[in-house]
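Summary of the model geometry
Spelled out from the first residue to the last, the chains are:
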Amino acid sequence: MSQTADVRLPSLLTAATPQRMIALVVVLAIALFGIPAILSTFWMKIMFEMAAYSLVTLGLGLLVGRVGIYSLCQIPLVAAGAWFSLRVHFLFDESVPFPILLLITGVLTGVLGIIIGLPALRLSGLYLALVTLMAAGAITLLLVSVKFPNGGGGFWGFDTRSASGFNSVPRPGIATGDIAFYRYTVVVVALMFLLAAWHIAGKPGRAWASLRQAEVTAISAGVNTTLYKLWAFALSAAIAGVAGGIIAAGNGVTTNQFPVEQSILLLAVVLLGGAYSLWGAIVAAFFLRVFPQLLDKQLGLPVELLTVLFGVGVLFTLMLQPKGVVQDLTNLGRLIGVKTGMIKPPVAPVVASAAVETAPVAEQVPS
Amino acid sequence: MISISSLTVRFGGVVPIDDLNLTLDVGVNGLIGPNGAGKTTFFNVLTGFVKPVQGTVTAFGDDLLAMPHFRRIRWGLRRTFQTEQAVAELTVLENVLTVLEHSGGAKSSRRRDVVDAVEFVGLGDSLQRPVGALGAAERRLVEVARAVVGSPRLVLLDEPAAGLPDEETAALAQVIKEIPARTGALTILVDHDMALVNETCAHVAVLDFGHIIASGPTADVLNDARVMAAYLGEDIDV
């Protein structure tokens, strides 16, 4: 073995290369200070939504890109997260600190995610996607029926006498203003992305990679496939739940705010943005929340055009760039870096001998 | 030692393994037979992918069939596949580490154990390379490294030389021969390459239509008339 070989075991620390750390700091600086300095109130509201929904796309990206599971229940899980945050808020007489509220919301939504993930132990592919879509329909119907808690009694916590159709959780004391709460959201989003990165770089990430390649691969490595599939569903749902809690505090929620069909659109943008990269979740959130506004406000085009555009985008992504738009952006960044001398040109990879792969099966006994 | 008794597998009306009885000792044991003889099904039973309708498998005194599949890996079962299954998106190191961390290897010695296993198969310079960037022979060796890492007790190699040229197969044979000495594991090799079987296995069992038709020292078995008939067919009068 060469003396310079890196024999460190992979972890979040080994994954934190200087390039990644610089990219993280730059993105955080732009999000925390650059964007609030230049955008109007309207666009700040849109950026808040993008930040919150980047958690939703992150959760689905984990399932699709890391484990190979297609779920169509992510948007109702956001609604469930909002419901849990409101219910816990009123249950404890509005005394639970916001970070604790988000933590409880994440745990409760994670448990709901495990329940939704149970069919994944028996189903996969299109069948599992259909079952999760049915679960999404059930959650949405239930929500329309019971509505978001508004301080009423009983299990559902809804009082018809004080119904307004709109509910919200109070923002934390340190971030009551719109820009302050946007920054607070960016910090929570960064923490959630770190949580996801920690999973991916560690034991769960390797188990999920094995599962994504083939279930037999995972089993032959000793992976408890039941545990790690449900773990993925729990983590994905917990992250969506936290997004729900943030949205409940940021803009407030109404019962018709989380339609089931948006889960399909969400899957499309996750594939378009790049399901195999954490940065892809941010690109996907841009497509989901900012792009429609650009289409409407800047170009004057109907928002309904989005479905067609996303459809074409997904088609081209699957055909030409399975790693999504984020990979194109990465390639573009590298190209600019090389051209400007900031990055060294990549060394040509050693190509495995084609002769090995296409070698005739010598002296094999025929069947 | 592994002892298989009255093992029977049914897929509807098909019986790929029919009342199989076999005892194997520590060392490299060959399991050969024509396609469809039941060799991979036998491996699938040991791994936990297929549930037999009857029979027992006692390995080193433990009832293997009573364990869930992931517990078998912790117990010390390792497996490679006809179509190699090393995870393409992970590095060589991560591939081997995945098996070790899910098979209960001691945390304190993980790095050393992984590096040792990778060096054992001769891929020490490729630790951080993604498996997807490796050639077919190297990917086969990654699977072998996954099989020998930690404390394996029963190593199942399912056609590890399939698709490899002679020189790569010869190198693989040297690695396979050293597995029992390095790990103390009972190794079962399924392969159609008789040169590889002859080179690596002290004992061979022959499976045909779910039955063991011969078992014993390799040279004796390979010259057995029933074995030659099973592989090459029997002359019949037309």
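Now for a quick tour of the structure.

Secondary structure assignment for chain A yields 15 helices and zero strands. The C-alpha radius of gyration of chain A comes to 22 Å, within 12% of the 21 Å expected for a compact globule of 367 residues. Viewed in the frame of its principal axes, chain A has a C-alpha envelope of about 85 × 55 × 45 Å. Here chain A holds 367 residues, and 48% of them are scored as buried. Considering only intrachain contacts with a sequence separation of at least 6, the fraction spanning at least 24 residues in chain A is 74%. Just so you have it, chain A exposes about 17900 Å², and 69% of that area is on carbon and sulfur atoms. Computed over 20 positive and 13 negative side-chain charges, the inter-centroid distance for chain A is 6 Å.

Further remarks concern the interface of chain A and chain B. Contacts between the two partners involve 37 residues from chain A and, on the opposite side, 46 residues from chain B. Interface of chain A and chain B: buried area, both sides summed, is about 3700 Å²; carbon and sulfur atoms make up 59% of it. On inspection of chain A and its partner chain B, the count reaches two salt bridges. As a salt-bridge pair, E89(B) and R212(A) come within 2.3 Å of each other at their nearest N and O atoms. Where chain A touches chain B, the interface holds seven residue pairs in polar contact (both at pLDDT 80 or more). At the level of secondary structure, the elements contributing two or more residues to the side of chain A that touches chain B comprise α8 (203-213), α9 (215-220), α10 (225-250) and α15 (354-357) of chain A. Take the side of chain A that touches chain B: its biggest share by element is seven residues, from α8(A). Taken together, the residues that form the side of chain A that touches chain B break down as 20 nonpolar, 10 polar and seven charged.

Residues and elements named next belong to chain B. Relative to strand β2 (residues 14-24), strand β1 (residues 2-11) runs antiparallel, the two being bridged by six bridges. Note on β2: the bridge partner recorded for I4 is L22. Counting the residues between successive antiparallel strands, the hairpin from β1 to β2 contains two residues, one of them, G12, with a positive phi of roughly 65 degrees. Both β1 and strand β4 (residues 54-59) contribute to a ladder of five bridges, which runs antiparallel. For I2, the partnering residue across the bridge sits in β4 and is A59.

All names here are of chain A. Along the chain, the position of L24 falls in helix α2 (residues 18-38). L24 gets classed as partly exposed once you look at its relative accessible area, which sits at 32%. A sequence separation of 166 residues divides L24 from A190, and the C-alpha atoms of the two residues are 9.1 Å apart.

All names here are of chain A. It is the contact of helix α12 (residues 278-298) with helix α14 (residues 325-339), at a shortest axis distance of 8 Å, that shows an interaxial angle of 115 degrees. Between α12 and α14, the crossing angle belongs to the class labelled roughly perpendicular. Relative to α14, the crossing made by α12 is right-handed. Across the interface between the two elements, W279, G280, V283 and F287 of α12 pack against V325, V326 and L329 of α14. Considered class by class, the residues forming the contact of α12 with α14 number six nonpolar, one polar and no charged.

For the structure on display, the rule yields three cavities of 30 Å³ or more. As a volume, the largest cavity reaches approximately 70 Å³. Breaking the lining of the largest cavity down by element, the ones donating at least two residues are α3 (41-67) and α12 of chain A. Residue classes in the lining of the largest cavity are distributed as seven nonpolar, five polar and one charged. Empty space within the second largest cavity amounts to approximately 50 Å³. Lining the second largest cavity, in full, are S220(A), R78(B), R79(B), Q85(B), A86(B), V99(B), E143(B), R146(B) and A147(B).

This next bit is on the sheet that holds strand β8 (residues 186-190) of chain B. Residues and elements named next belong to chain B. One open sheet holds the six strands; their spatial order is β6-β7-β8-β3-β9-β10, and the pairing between them is mixed. Edge positions in the sheet fall to β6 (77-79) and β10 (211-217), since each has one partner strand and no second. When the angles between neighbouring strand axes are averaged without regard to direction, this sheet yields 15 degrees. Where strand β9 (residues 203-208) and β10 come together, six bridges link them in antiparallel fashion. The residue bridging L207 from the neighbouring strand is I212, located in β10. Docked against the sheet, helix α6 (residues 166-183) engages β3 (27-32), β7 (154-158) and β8, running at close to 130 degrees with respect to β3.

Residue and element names in this part refer to chain A. Within this structure, the stated rule accounts for 18 aromatic pairs over all chains. An angle of 35 degrees between the planes, with centres 6.2 Å apart, marks the rings of F291 and F310 as tilted. Of this pair, F291 sits in helix α12 while F310 sits in helix α13 (residues 305-320); the two residues are 19 residues apart in sequence, bridging distant segments of the chain. The partly exposed category is assigned to F291, whose relative accessible area is 23%.

The subject of this paragraph is a positive patch on the surface. A cluster of basic residues, K203(A), R71(B), R74(B) and K107(B), forms a positive patch at the surface. Looking at where R71(B) falls in the secondary structure, it is placed in helix α2 (residues 69-75).

So, on to the pattern of salt bridges. Residues and elements named next belong to chain B. Applying the stated criterion to the full structure yields 13 salt bridges over all chains. Note that R112 is salt-bridged to D116, the shortest N-O span being 2.9 Å. On the criterion of helical spacing, the pair formed by R112 and D116 is a turn pair, its members being four residues apart in helix α4 (residues 110-120). You can call D116 partly exposed: its relative accessible area is 29%. Across the salt bridge formed by E119 and R112, the nearest N and O atoms sit 3.9 Å from each other. Through salt bridges with shared partners, a single ionic network connects R112, D116 and E119.

Conventions used here
- Residues numbered from 1 in each chain as written.
- Chains lettered and ligands numbered in written order.
- Predicted model: local features only at pLDDT ≥ 70, side-chain atom pairs only at ≥ 80, totals over all residues.
- Heavy atoms only, no water.
- Helix = DSSP H or I, 4+ residues; strand = E, 2+ residues; numbered from the N terminus.
- Rg over C-alpha atoms; globule rule 2.2 N^0.38 Å.
- Buried < 20%, exposed > 50% of the residue type's maximum accessible area, 1.4 Å probe, protein only.
- Contact = heavy atoms within 4.5 Å.
- Areas by Shrake-Rupley, 256 points an atom, 1.4 Å probe, with all protein chains shown as cover.
- Lys, Arg positive; Asp, Glu negative; His and termini not counted.
- Charge placed at Lys NZ, Arg CZ, Asp CG, Glu CD.
- Buried area = accessible area lost by both parts, 1.4 Å probe.
- Salt bridge = Lys/Arg side-chain N within 4 Å of Asp/Glu carboxyl O.
- Polar contact = N/O pair within 3.5 Å; in protein donor to acceptor, adjacent residues only side chain to side chain.
- Nonpolar A, V, L, I, M, F, W, Y, C, P; charged D, E, K, R; others polar.
- Pairing = 2+ DSSP bridges.
- Axes fitted to C-alpha atoms, helices over the stretch in contact; angles between N-to-C directions.
- Parallel < 35°, antiparallel > 145°, perpendicular 65-115°, else oblique.
- Left-handed = near helix turned anticlockwise from the far one by under 90°.
- 1 Å grid on protein atoms, 1.4 Å probe; cavity = no way out; pocket = protein on both sides within 12 Å on 5 of 7 lines; lining within 4 Å.
- Points joined across faces, edges and corners; volume = space filled by probe spheres on them.
- Phe/Tyr/Trp six-rings, centres within 6.5 Å; stacked < 30°, edge-to-face > 60°.
- Patch = residues over 30% accessible without salt bridge, like charges linked within 9 Å, V, L, I, M, F, W, Y side chains within 5 Å.

Remember, this is a structural readout, not a statement about activity or role.
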